[in-house]
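Below, each chain spelled out in residue letters.
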Amino acid sequence: MTNEKFEFTDSLKKNLYIMMGLGLLGLVWVFLGDHESNHHGRLWSNLLANSYYFTGIALFGMFVVSATQLAYGGWQTLMKRIFISMSAFARIGGFLLLLILAAGIADVHKLYEHVSHIMHTGHGDPKYSTKLVYFASWFWIGRVFVYALLWATFSIVFDRFFGEADQSSQAKYKKSKLLAAAFIVVFAVSESAVSWDMIMSLDPHWFSTLFGWYNFASYGCAAWATSILIIIYLKSKGYLNQVNENHVHDLGKMLFGFSIFWTYLWFSQFMLQWYANIPEDTNFWVKRFDEPYFKVTIFGALIVNFLFPLFFLIKRSAKRNFKMIGFGAALLIFGHYVDFFNYTFVEPNWNHEAMEHGHGAAVKSENVVMLAEAHATEAAHGAAATDAVKHEGHEASAAVEVKHGEHGVESKHGHEAPVKNFASIGIGEILVFIGFAGLFLFMFFSNLSKRNIVPEDDPYLKESEKLNVTWA
Amino acid sequence: MTIFAVICAGMFPIFHMGRVWDAPFIFPIPNTRGPLWVNFNSPLLWDVFAISTYFSVSLLFWYSGLMPDFGTIRDRSKGKIRKYLYNLASFGWQGSAKQWQRFEALSLVLAGLSTPLVLSVHTIVSFDFATSVIPGWHTTIFPPYFVAGAIFSGFAMVETLMIITRKLFKLEDYITINHIESMNKIIVLTGSIVGIAYLTELFIAWYSGALYEQFAFYNRILGKYLWAYALMMSCNVLSPQLYWFKRFRRSIPVTFVLSIFVNIGMWFERFVIIVTSLADDYLVSSWAYFSPTWVDWGIYLGSISVFLFLFLLFARFFPTIAIAEVKAIFRTSSEVAKAERAKAEGATHGGFVLKGALDKE
Amino acid sequence: MDSVAPNKFVVGLWDHEEVYLHAIEHLRHKGVKIYDSLTPFPVHGLDEALGMKETRLHTAGFFFGATGTTLALSFMTWVMTTNYPIDFGGKPNWPVPSFIPITFELTVLFAAWGMTLTYLVRNKLWPGRVPRIYDKRTTDDRFALVFDAESLTDAEINSIKDACKKEGAVDVKDKVFTEAEGL
């Protein structure tokens, strides 16, 4: 049956409403449970991380359609409209980001406080001259507005274009290639730019040229995992009969491949900054590794997002068993959420005053700490070597504590120790995540129910139906 | 498949070049100077491992694929010496079912290993630069951008050699214009990725507020090496954009000329990265303008000659097309087979199958 | 293969892989024992048709790779921490990020070489080996089935030949190897 429509049942709607309700509850929870001095940082961090994450997944849906369309892909045709419907969230995602940014600029929350600090005090400092231009409020908001508009437009155009019948006409096919190419170009620029504007700007002192591509790989993994879970769900409800373990196997391969790609980018970014050990780079990592909690989440994310797929998803049997691949996909969605958590949640909880007062000095001292840690441990252990980043031995941390104290006093100009009020992944975070997932799925299912799930006259449909994955 | 075979063919001499500076002591071998080992922290040492692994694994991949074809040549060749030599080269290939079964498994895994290996090799080359603290070298985008650049220049180099080989050996029926068009699509894609990486680097250097970084990039684009940067940008980023038009993608003269442009552009990318960053580094007293000596020219021309020499030797004595692989897809993918099948199916699908590629007019 | 290789064979040749696959299925169904099958390229579905076991070459590759990983990591750890610790660029003496590239390379190196050597040994391929060529056309465009005729009566041989012809073989012939035969 190729001409079946998804029926958006009331009970499913009810469940999704409950999920969204839980999300609202979560927002209230993190709003109330936050420390006074944090300026609702936790609430807005939650909103930012989830909006960004799910927008990324939605955009990646369109990316998959475009890329496979351009590459004469046939395996995905049965699932093409799943990816199209996944992009429905892109219609609001960009505007959610815009809202968060506008609130930040309007000083409702302090997520972008470092930027506003530069904007207020950075005049005349050559170090900040370019940032004063780039983060000028209207330019900044204007950029994010343009991305939001472009994404929403593309999402609607994709939906119309690939949702219509008559996919097999030559004229339409030709046009689809153009549309796909146009999206790839727009996406390539906007996904990098939005990662700078929304996430890298949380710490305007840090920069990494790889950051945009890295983000792409991260929500790319999440998007493949999402599509796998959705397909398993739809199959359990009796839809998509022609989709079988071969298709899920291919999706699993993509998930595996993107996981390795993500790790590759993670390692490249981390290793290069660790190796060169210059203050502009290392401030980012020192902040994270100084908090034991974030140290755990960073290496935890690495284990879940790399080692797990490496040993689990590489097996053919795991990719063809719906229960196993479903479990893997769910775990990876969580793992990449933690990845974004590591980027968005650290900054609002980092002591603002420490950063503001002579940024250079503070950062330099951190760098010294990092080096000192290495030397201290060497001294403590003699020939037995340790890793500056990973080692957690007692003597070492004691030594670092001392060093940290010394430099801390110097750089913070008598300020009190950082407020240890960082957000953790608690009930609030989980609830907000569930809420966003509910919203995402609601938009997905209402979009999916508008037309046949399978593009019944797509010229590649036959190829997709016959898919047989024999190797790997 | 044909394309793949020719990529192997075109790239194999490059593998040889990885070893020109090979000396035993860059490997960690036990020695009599007390415990004296190589420094595993050095990216140059990583490069030693990367290049030697890349060379030897590529050799295995390439040779294991050639063995059945040597068998084919052996059974066709006339003289006793030729027969003996080609049998030697084929390792006594027979083509029994079990051999083919293992062959398939081996080539699958070797392909699977080679893919990340190619990535790793270019990544580690980029680490040679990016682990340093030289502005213009130390940037995190280097690893994936070197990989994209390698695919980009690799395809261009293969196109250059392939178009000549195709003409000389009359391989037009094997390497069709569709193959060339697909390769040109890859070129415009990877060229644009490289372009985005250039722009990202520029933007981040501007955005960073790091003075040295800004200075290095200002120098790069507007300094005394303006000409090199302009050449790189126009060859690598602008010229492949012509491939957005089908007419150019399917034109052999355009492809040939553009492939040369890309070769030049990618050579200048290395030049820009290395020379502009070193010419004006931290120490003002050592600022200088690089001009090549006869030694530089000699090494440069010599390396090109070695490459071409090996390639021509290969083309003379070895099969330039993976014979067995082409046979395997002959009945499913050749124009003849497609025409037969389309006739049998009554040319359904609006005749798409007959045409092969859907958007071929 | 048997310890004493037979010298007398019947060879059937086909010219289309689909006909060839069907022929194999039918002949095996009839209970005819196939000694070997030679093709010019890997025919998909041939191993199932012949009832061959899945090759375990990938598993071997995995273990070779794991050996490489372990060896690289443990050797570098030993050198950098115990045998020859040096101070370099403010790096700790056990710099795990620095080990990753070499570890990866050695994993690939071991897996690739281990697998290829296993492949050569298992396939009995080495430079200078003189293969038994049942028919030269099997490396061109013919698909061959080889039947051991050493201990068969003439009647049995003829019945195999007839069966082959019925299944679409384009040529059926006898092939006898003598001890001294080379290429």
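Note that the structure is a prediction, hence the values are computed from the model and not measured.

Chemist: Describe in detail the overall build of chain C, supporting the description with residues and values.
Modeler: Scanning chain C from N- to C-terminus turns up five helices and four strands. Order of helices (α) and strands (β) in chain C, N terminus to C terminus: β-α-β-α-α-α-β-α-β. Residue burial in chain C is summarised as follows: out of 183 residues, 45% are buried. Partitioning the intrachain contacts of chain C with sequence separation of at least 6 by distance along the chain shows that 80% fall at a separation of at least 24. With an accessible surface of roughly 9,200 Å², chain C has 58% of that area assigned to carbon and sulfur atoms.

Chemist: I'd like a rundown of the overall build of chain B, residues and numbers included.
Modeler: Tallying secondary structure elements over chain B gives 14 helices and zero strands in all. Counting from the amino terminus, helix and strand elements in chain B follow one another as α-α-α-α-α-α-α-α-α-α-α-α-α-α. Expressed as a percentage of its 361 residues, the buried residues of chain B come to 53%.

Chemist: Now, about the packing of helix 6 (residues 177-208) of chain B against helix 7 (residues 211-222) of chain B: what can you tell me, with residues and values included?
Modeler: All names here are of chain B. Between helix 6 and helix 7, the least distance of the axes is 8 Å, while the angle of their chain directions is 140 degrees. In terms of orientation, helix 6 and helix 7 fall into the oblique class. Handedness of the helix 6/helix 7 crossing: left-handed. Only Glu 213, Gln 214, Phe 217, Arg 220 and Ile 221 of helix 7 make contact with helix 6, whose side of the interface consists of Glu 201, Leu 202, Ala 205, Trp 206 and Ser 208.

Chemist: I'd love a proper account of the sheet that holds strand 3 (residues 143-148) of chain C, names of residues and values included.
Modeler: All names here are of chain C. The strand order across the open sheet formed by four strands is 2-3-1-4, and the pairing between neighbours is antiparallel. Looking at the sheet topology across the chains shown, the edges are occupied by strand 2 (36-38) and strand 4 (171-176). Neighbour-to-neighbour, the strand axes of this sheet turn through a mean angle of 25 degrees, independent of strand direction.

Chemist: Quick rundown of the environment of B:Val257? Include the residues and the values.
Modeler: For B:Val257, the location among the structural elements is in helix 10 (residues 252-279). Along the chain, B:Val257 and B:Ala156 lie 101 residues apart, while their C-alpha atoms are 10.0 Å from each other.

Chemist: Would you mind going over the pattern of salt bridges in detail, with residue names and values included?
Modeler: All names here are of chain A. Within the structure shown, the criterion is met by 16 salt bridges over all chains. When the shortest N-O distance is used, the salt bridge between Arg 42 and Glu 429 registers 2.8 Å. With a gap of 387 residues between them, Arg 42 in helix 2 (residues 41-70) and Glu 429 in helix 19 (residues 427-448) connect regions that are remote in the sequence. Assessed through its relative accessible area of 14%, Arg 42 is described here as buried. The buried category is assigned to Glu 429, whose relative accessible area is 0%.

Chemist: Would you mind going over the pairing of strand 1 (residues 8-14) of chain C in detail, with residue names and values included?
Modeler: Remark: a regular strand shows side chains that alternate across the two faces of the sheet. All names here are of chain C. For strand 1, the tally of buried residues reaches six of seven residues, placing the bulk of the element in the interior. Summarising the sheet, strand 1 and strand 4 pair through six bridges and their orientation is antiparallel. From the neighbouring strand, Val 10 faces strand 4, where its bridge partner is Asp 174.

Chemist: How would you summarise the packing of aromatic side chains if you had to cite specific residues and measurements?
Modeler: Under the definition given, this model contains 114 aromatic pairs over all chains. Ring geometry for A:Tyr134 versus A:Phe135: centroids 5.2 Å apart, planes at 70 degrees, classification edge-to-face. Ring geometry for B:Trp267 versus B:Tyr300: centroids 5.1 Å apart, planes at 50 degrees, classification tilted. Pair noted here: B:Trp267 is in helix 10 and B:Tyr300 is in helix 11 (residues 294-317), with a separation of 33 residues, a long-range link. The ring of A:Tyr134 has A:Arg143 lying over it, and the distance from NZ or CZ to the ring centre is 3.6 Å.

Chemist: Kindly report on helix 6 of chain B, identifying the contributing residues and their values.
Modeler: With 32 residues, helix 6 of chain B should reach 46 Å at 1.5 Å per residue; the first-to-last C-alpha distance of 46 Å fits that figure. At the C-terminal side of helix 6 of chain B, B:Gly209 shows a positive phi close to 75 degrees.

Chemist: Account for the interface of chain B and chain C, naming residues and giving values.
Modeler: Each side of the interface is counted separately: chain B has 53 residues, and chain C has 65 residues. Surface buried jointly by chain B and chain C totals about 5,600 Å² across both partners, of which 65% is contributed by carbon and sulfur atoms. Scanning the region where chain B abuts chain C turns up zero salt bridges. Across the chain B-chain C interface, the total number found is 16 residue pairs in polar contact (both at pLDDT 80 or more).

Chemist: Explain a positive patch on the surface to me, and be specific about the residues and the numbers.
Modeler: Residues and elements named next belong to chain C. Together, Lys 53, Arg 56, Arg 122 and Lys 124 line one region of the surface with positive charge. Position of Lys 53 among the secondary structure elements: in the loop between helix 2 (46-50) and helix 3 (57-83). A relative accessible area of 70% places Lys 53 in the exposed class.

Chemist: How would you summarise the interface of chain A and chain B if you had to cite specific residues and measurements?
Modeler: Between chain A and chain B, the residue contacts involve 43 residues of the former and 42 residues of the latter. Interface area lost by chain A to chain B is led by A:Thr209, A:Trp213 and A:Leu272, which between them contribute 19%. If you look at where chain A meets chain B, you find zero salt bridges. Between the two partners, chain A and chain B, sit 13 residue pairs in polar contact (both at pLDDT 80 or more). Counting only elements with at least two residues in the side of chain A that touches chain B, the list comes to helix 6 (129-134), helix 8 (170-199), helix 10 (245-276) and helix 11 (279-290) of chain A.

Chemist: Break down the packing of helix 6 of chain B against helix 10 of chain B for me, with residues and values.
Modeler: Residue and element names in this part refer to chain B. Helix 10 packs onto helix 6 with a crossing angle of 30 degrees between their chain directions and a minimal axis gap of 12 Å. In terms of orientation, helix 6 and helix 10 fall into the roughly parallel class. As for how helix 6 packs across helix 10, the hand of that crossing is left-handed. From helix 6, Ile 177, Ile 180, Asn 184, Val 194 and Tyr 198 reach across to helix 10, where they touch Ile 252, Thr 255 and Glu 269. Taken together, the residues of the contact of helix 6 with helix 10 sort by class into five nonpolar, two polar and one charged.

Chemist: Could you give an account of the confidence of the model for chain C, naming the residues involved and the relevant values?
Modeler: Considering every residue of chain C, the mean pLDDT works out to 83; 95% of them sit at 70 or more. The lowest-confidence element of chain C is helix 2 of chain C, averaging 80 in pLDDT; the highest-confidence one is helix 4 (residues 96-123) of chain C, averaging 91.

Chemist: How would you sum up helix 3 (residues 80-90) of chain B? Please name residues and give values.
Modeler: Residues and elements named next belong to chain B. Looking only at helix 3, the buried set comprises Lys 83, Tyr 86, Asn 87, Ala 89 and Ser 90. With its buried residues spanning 160 degrees around the axis, helix 3 presents them on a single face. With respect to the buried face of helix 3, the exposed residues turned more than 90 degrees away are Lys 80 and Ile 81. Residues of helix 3 that are buried in the fold lie against helix 2 (43-76) and helix 11.

Chemist: Requested: an account of a nonpolar patch on the surface, with residues and values cited.
Modeler: All names here are of chain B. Where nonpolar side chains cluster on the molecular surface, the patch consists of Trp 227, Leu 231, Val 257, Ile 260, Phe 261, Ile 264 and Tyr 289 and spans about 590 Å² of accessible area. Of all the secondary structure elements, the ones that give two or more residues to the nonpolar patch are helix 8 (226-238) and helix 10. A total of four residues in the nonpolar patch trace back to one element, the largest contributor, which is helix 10. Along the chain, the position of Ile 264 falls in helix 10. Assessed through its relative accessible area of 35%, Ile 264 is described here as partly exposed.

Chemist: Account for the environment of A:Ile298, naming residues and giving values.
Modeler: Residue and element names in this part refer to chain A. For Ile 298, the position within the fold is in helix 12 (residues 292-313). Residues Ile 298 and Arg 288, spaced ten residues apart in sequence, show a C-alpha to C-alpha distance of 8.1 Å. With residues near it in sequence (within four places) discarded, Ile 298 still touches Trp 266, Arg 288, Phe 289 and Asn 342.

Chemist: If you had to explain the nonpolar core to someone new, which residues and values would you point to?
Modeler: Core analysis: the largest hydrophobic core is formed by 230 residues, its most contacted members being A:Phe445 and B:Tyr145. Shared between two domains, this core holds at least three residues of each, these being domain 1 (8-54 + 131-176) and domain 2 (57-123) of chain C. Ignoring any residue separated from it by four or fewer positions in sequence, one finds B:Tyr145 in contact with A:Trp213, B:Val194, B:Ala197, B:Tyr198, B:Glu201, B:Glu269 and B:Ile273. Ranked by size, the runner-up nonpolar core spans 17 residues in total, among them B:Phe155, B:Ile180, B:Ile187 and B:Tyr243.

About the criteria used
Residues numbered from 1 in each chain as written. Chains lettered and ligands numbered in written order. Predicted model: local features only at pLDDT ≥ 70, side-chain atom pairs only at ≥ 80, totals over all residues. Heavy atoms only, no water. Helix = DSSP H or I, 4+ residues; strand = E, 2+ residues; numbered from the N terminus. Buried < 20%, exposed > 50% of the residue type's maximum accessible area, 1.4 Å probe, protein only. Contact = heavy atoms within 4.5 Å. Areas by Shrake-Rupley, 256 points an atom, 1.4 Å probe, with all protein chains shown as cover. Axes fitted to C-alpha atoms, helices over the stretch in contact; angles between N-to-C directions. Parallel < 35°, antiparallel > 145°, perpendicular 65-115°, else oblique. Left-handed = near helix turned anticlockwise from the far one by under 90°. Pairing = 2+ DSSP bridges. Salt bridge = Lys/Arg side-chain N within 4 Å of Asp/Glu carboxyl O. Phe/Tyr/Trp six-rings, centres within 6.5 Å; stacked < 30°, edge-to-face > 60°. Lys NZ or Arg CZ within 6 Å of the ring centre and 35° of its normal. Expected span 1.5 Å × (residues − 1). Buried area = accessible area lost by both parts, 1.4 Å probe. Polar contact = N/O pair within 3.5 Å; in protein donor to acceptor, adjacent residues only side chain to side chain. Patch = residues over 30% accessible without salt bridge, like charges linked within 9 Å, V, L, I, M, F, W, Y side chains within 5 Å. Lys, Arg positive; Asp, Glu negative; His and termini not counted. Charge placed at Lys NZ, Arg CZ, Asp CG, Glu CD. Nonpolar A, V, L, I, M, F, W, Y, C, P; charged D, E, K, R; others polar. pLDDT = per-residue confidence, 0-100. Arc of directions from axis to C-beta. Core = buried A, V, L, I, M, F, W, Y, C linked by side-chain atoms within 4.5 Å. Domains from an automatic or database assignment.

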